[in-house]
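A closer look at the structure
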Amino acid sequence: QVQLVETGGGLVQAGGSLTLSCAASGSIFAIETMAWYRQIPGKQREMVATVNSGSSTNYADSVKGRFTVSRDNAKNTVDLQMNSLKPEDTGVYYCNALLSWPGGRYLEIWGQGTLVTVSS
């Protein structure tokens, strides 16, 4: 069994910074991609940032230049550094991982979510 545990959510003022962390644990062979998604009230869950095993990154247009995703392959962790936060960044942030095993088996897992609230 594999699980993702997120930490670091909370309340911050607009213009402030916050770092989210996510750690994968359990029977892991390889993690292909790690990512952060968010669900803003009234909207569908959306991708915020992804990072693959080679550390190539991808960002939603709304966070480019403000958020930075980084990954530690040895520790199976992924962080999301969020700067210049805006009230519209408020939402529940979810960690996501795509795991793989020999033989072509894949599994996508989600963390439980952590709330980020940005006050104006």
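The structure this text deals with has already been given above.
These numbers come from a predicted model, not from an experiment.

A look at the pattern of salt bridges
Under the definition given, this model contains 4 salt bridges. One salt bridge connects arginine 66 with aspartate 89, and the closest N-O pair in it is separated by 2.7 Å. Taken together, the residues arginine 66 in the loop between β6 (57-59) and β7 (67-72) and aspartate 89 in the loop between β8 (77-82) and β9 (91-101) connect sequence positions 23 residues apart. Accessibility assignment for this pair places arginine 66 and aspartate 89 in one class, buried. The network of salt bridges with common partners includes Arg38, Glu46, Arg66 and Asp89.

Describing the nonpolar core
Of all hydrophobic cores here, the largest spans 30 residues; its most connected members are Trp36, Leu80, Met82 and Tyr93. Counting only elements with at least two residues in this core, the list comes to β1 (2-7), β3 (18-26), β4 (30-39), β5 (46-52), β7, β8, β9 and β11 (114-119). In terms of residues, this core owes the most to one element, β9, which gives 5 residues. Beyond its immediate chain neighbours, meaning those up to four positions away, methionine 82 contacts Gly16, Ser17, Leu18, Leu20, Arg66, Phe67, Tyr93 and Val116.

Considerations on the environment of tyrosine 59
Looking at the element boundaries, tyrosine 59 is found in strand β6. For the pair formed by tyrosine 59 and methionine 47, sequence separation is 12 residues and the distance between their alpha carbons is 7.8 Å. Other than its neighbours up to four places away in sequence, tyrosine 59 contacts Met47, Val48, Ala49, Lys64, Phe67, Thr68 and Val69.

A closer look at the pairing of β8
Pairing of β3 with β8, which is carried by 6 bridges, proceeds in the antiparallel orientation. Considered in β8, the bridge of leucine 20 is made with leucine 80. Where β7 and β8 come together, 6 bridges link them in antiparallel fashion. Within β8, the position partnered with threonine 68 by the bridge is glutamine 81.

What about the state of the cysteines?
One pass over the structure, following the stated rule, counts 1 disulfide. Note that cysteine 22 is cross-linked by a disulfide to cysteine 95, the S-S spacing being 2.1 Å. Its S-S torsion of approximately -85° makes the covalent link between cysteine 22 and cysteine 95 left-handed. With cysteine 22 in strand β3 and cysteine 95 in strand β9, the pair connects residues that are 73 residues apart, well separated along the chain. Accessibility assignment for this pair places cysteine 22 and cysteine 95 in one class, buried.

Thresholds applied
Residues numbered from 1 in each chain as written. Predicted model: local features only at pLDDT ≥ 70, side-chain atom pairs only at ≥ 80, totals over all residues. Heavy atoms only, no water. Salt bridge = Lys/Arg side-chain N within 4 Å of Asp/Glu carboxyl O. Helix = DSSP H or I, 4+ residues; strand = E, 2+ residues; numbered from the N terminus. Buried < 20%, exposed > 50% of the residue type's maximum accessible area, 1.4 Å probe, protein only. Core = buried A, V, L, I, M, F, W, Y, C linked by side-chain atoms within 4.5 Å. Contact = heavy atoms within 4.5 Å. Pairing = 2+ DSSP bridges. Disulfide = S-S within 2.5 Å.

That's the geometry; what it means functionally is another story.
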